[in-house]
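Residue-level structure breakdown
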Amino acid sequence: MTDIDDDLRDVLRNRPDNTGAGEVPGFDDVWARAESTVAQRRLRTRAVGGIAAAAALVAIVFVSQLRPTEQEWQFVDPDEFASSTSWVAPSDILLPKHQFDIYGEIPVLIESTERDGGTLL
Amino acid sequence: MRDSDVLDNNPHVSRSALEAMHGQVFGWALSRCDFQQAVAEDLVQQAYVELLAGKARFDGKSSLKTFVFAVVQNLSRNRYRRIAIRLRLLEKAGTESGPDVTQAVEPGENENLWKAVQRLPARQRDIIELVFCRDMTIEEASTVMGVTTGTGRVHYDRAKKALRGRLEND
């Protein structure tokens, strides 16, 4: 240790703005305020979490009500199907969405009776 | 360390251990904020909040004192960052406002040495304060400052050289 070390220690420890005994705030006061802050933060976090959970629940219920209800699947009973002479689709879900009129919608075939080198055009 | 003393979110920290070093922690906080009593009190309270909430978790890698000093150091850095952002915003808005800095009172004796310490760059001043005023080793002081021991040693040596040079010139 050199002389400057002792001087530094002396200056830094005894400076007037360093902590004098009367200036240090009581530990209990500071600690109590810190505990209160932590408790308030926890309360706030819980409140925000509760609000967020409630909002999420409301959103889930709302979205689920908007979605169309799905039709229940019905499976064909193989025995019944084999012993029957007629069959209908057990549910509309298995039917094609578009039912077309075979007379009205089938395109008219182009007919030609002219030939070109032995081949019908 | 009494079991009831131990913090819920920090099993290696006890209330009584913090109480024992409260004065020193407050002194360190004071020097981090231009010796403004209210701000220092706020910094110490925030440090306790971080410890209570478990956001600053002590795992026993250093001494508790080093750890708590480092927490205060980080909080004061964040505070200065916030102040700097606010000042930049005020400058942008065209408002004239300066930082509210309280001048430290200078001691009568060894005035030259005190002035020389105050003129040191921030890191050198910090390590000198931690070593000579807070009884820390260079290694502990480096941990508080968030630098390697080698870097801390360089700051320490430079600070001592600068102080010697200035005292010889005066």
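Residues numbered from 1 in each chain as written. Chains lettered and ligands numbered in written order. Predicted model: local features only at pLDDT ≥ 70, side-chain atom pairs only at ≥ 80, totals over all residues. Heavy atoms only, no water.

Points about the pattern of salt bridges
For the record, the criterion: Basic side-chain nitrogens of Lys or Arg form a salt bridge, by our definition, when they fall within 4 Å of a carboxyl oxygen of Asp or Glu. Each helix is a run of DSSP H or I of at least 4 residues and each strand a run of E of at least 2, with the numbering of both proceeding from the N terminus. Burial classes: relative accessible area under 20% of the type maximum marks a residue as buried, over 50% as exposed, and values in between as partly exposed (1.4 Å probe, protein chains only).
Summed over the entire model, instances satisfying the criterion amount to 8 salt bridges over all chains. A salt bridge links K160 of chain B to D5 of chain A; its shortest N-O distance comes to 2.8 Å. Taken as a pair, K160 of chain B in helix 8 (residues 149–169) and D5 of chain A in helix 1 (residues 3–14) lie in two separate chains rather than in one. Side by side, K160 of chain B and D5 of chain A carry an identical accessibility label, which is buried.

Things to note about the nonpolar core
Across soluble globular proteins, nonpolar side chains show a tendency to be buried alongside one another. So the rule is basically this: Side-chain atoms within 4.5 Å are what join buried Ala, Val, Leu, Ile, Met, Phe, Trp, Tyr and Cys residues into a set we call a nonpolar core. For the purposes of this description, domain bounds are those given by an automatic or database domain assignment. Contacts are residue-level and defined by heavy atoms, with any inter-residue pair within 4.5 Å sufficient.
By size, the foremost hydrophobic cluster in this structure holds 58 residues, and its most contacted members are L8 of chain A together with L18, Y48, I128 and L163 of chain B. With 9 residues, helix 3 (residues 37–53) of chain B is the single largest residue contributor to this core. Here this core spans two domains, and each of domain 1 (1–104) and domain 2 (105–170) of chain B adds at least three residues to it. Ignoring anything within four residues of it in the chain, the contact list for Y48 of chain B reads F27, V30, W31 and A34 of chain A together with L18 and H22 of chain B.

Topic: a nonpolar patch on the surface
Counted only if it meets this: Patch criteria: residues need more than 30% relative accessible area and no salt bridge. Like-charged residues are merged within 9 Å; nonpolar side chains of Val, Leu, Ile, Met, Phe, Trp and Tyr are merged within 5 Å. Only the protein chains shown count as cover for residues, and the accessible areas themselves come from Shrake-Rupley with a 1.4 Å probe.
The grouping of F62, V63 and L66 of chain A at the surface amounts to a nonpolar patch, some 330 Å² of accessible area in total. Mapping V63 of chain A onto the fold places it in helix 2 (residues 27–66).

Brief notes about the side chain of Q36 of chain B
Spelled out, the test is: Two N or O atoms count as a polar contact when they lie within 3.5 Å, although within protein this holds only if one can serve as hydrogen donor and the other as acceptor, and sequence-adjacent residues are included solely when both atoms are side-chain atoms.
Summarising the element assignment, Q36 of chain B is placed in the loop between helix 2 (22–32) and helix 3. Of the polar contacts made by the side chain of Q36 of chain B, one reaches the backbone oxygen of C33 of chain B; its length is 3.1 Å.

Description of helix 6 (residues 122–132) of chain B
Buried residues dominate helix 6 of chain B, accounting for 8 of its 11 residues. Among all positions in helix 6 of chain B, only Q124, D126, I127, I128, E129, L130, V131 and F132 of chain B are buried.

Points about unusual backbone geometry
The backbone phi angle of D135 of chain B is positive, close to 55°, even though this residue is not glycine. Mapped onto the elements, D135 of chain B comes out in the loop between helix 6 and helix 7 (138–145).

Details of the packing of helix 2 of chain B against helix 3 of chain B
Two numbers describe a pair of packed helices, the interaxial angle and the distance between the axes. Residue and element names in this part refer to chain B. Note the following rule: Structural elements are reduced to axes, namely lines fitted to C-alpha atoms, with helices fitted over the stretch in contact, and the angle between N-to-C directions of any two is expressed from 0 to 180 degrees. Between 65 and 115 degrees an angle is taken as roughly perpendicular, under 35 as roughly parallel, over 145 as roughly antiparallel, and anywhere else as oblique. For any pair of crossing helices, the crossing counts as left-handed if the nearer helix is rotated counterclockwise from the farther one by less than a right angle, and right-handed if it is rotated clockwise. Classes in brief: Ala, Val, Leu, Ile, Met, Phe, Trp, Tyr, Cys and Pro nonpolar; Asp, Glu, Lys and Arg charged; the others, Gly included, polar.
Direction vectors running N to C along helix 2 and helix 3 enclose 125°, while the axes themselves pass 8 Å from each other. Taken together, the axes of helix 2 and helix 3 are oblique relative to one another. Crossing of helix 2 over helix 3 shows right-handed handedness. Each of H22, V25, F26, A29, L30 and R32 in helix 2 lies in contact with helix 3, whose residues at this interface are Q37, A40, E41, L43, V44 and Y48. By residue class, the composition of the contact of helix 2 with helix 3 is 8 nonpolar, 2 polar and 2 charged.

Side note on the interface of chain A and chain B
Going by this rule: Buried area: the accessible surface (1.4 Å probe) lost by two parts on joining, summed over both.
The interface is formed by 30 residues belonging to chain A together with 41 residues belonging to chain B. Interface area for chain A against chain B, summed over the two sides, is near 3,200 Å², with a carbon-plus-sulfur share of 66%. At the boundary of chain A with chain B, the tally comes to 3 salt bridges. We note a salt bridge from R15 of chain B to D28 of chain A, for which the minimum N-O separation is 3.0 Å.

Here we look at the packing of aromatic side chains
Rule in force here: A pair of Phe, Tyr and Trp rings is counted when the ring centres sit within 6.5 Å of each other, with Trp represented by its six-membered ring. The angle between the planes then sorts it: under 30 degrees is stacked, over 60 is edge-to-face, the rest tilted. Whether a charge sits over a ring comes down to the Lys NZ or Arg CZ being within 6 Å of the ring centre and within 35 degrees of the ring normal.
One pass over the structure, following the stated rule, counts 6 aromatic pairs over all chains. Judged by centre distance (5.6 Å) and plane angle (15°), the ring pair of W28 of chain B and F69 of chain B falls under stacked. Of this pair, W28 of chain B sits in helix 2 while F69 of chain B sits in helix 4 (residues 64–93), and the two are 41 residues apart along the sequence. Exposure remark for W28 of chain B: the relative accessible area of 0% places this residue in the buried category. For the pair F132 of chain B and Y156 of chain B, a centre-to-centre distance of 6.1 Å together with 15° between the ring planes defines the contact as stacked. Taken as a pair, F132 of chain B in helix 6 and Y156 of chain B in helix 8 lie far apart in primary sequence, 24 residues in all. Assessed through its relative accessible area of 0%, F132 of chain B is described here as buried. Through a chain of ring-to-ring contacts, three or more aromatic side chains come together here, namely F27 and W31 of chain A together with Y48 of chain B. Directly above the aromatic system of F69 of chain B lies the positively charged group of K65 of chain B, at a separation of 5.8 Å from the ring centroid. If you follow R79 of chain B out to its NZ or CZ, it ends over the ring of Y80 of chain B, 5.3 Å from the centre.

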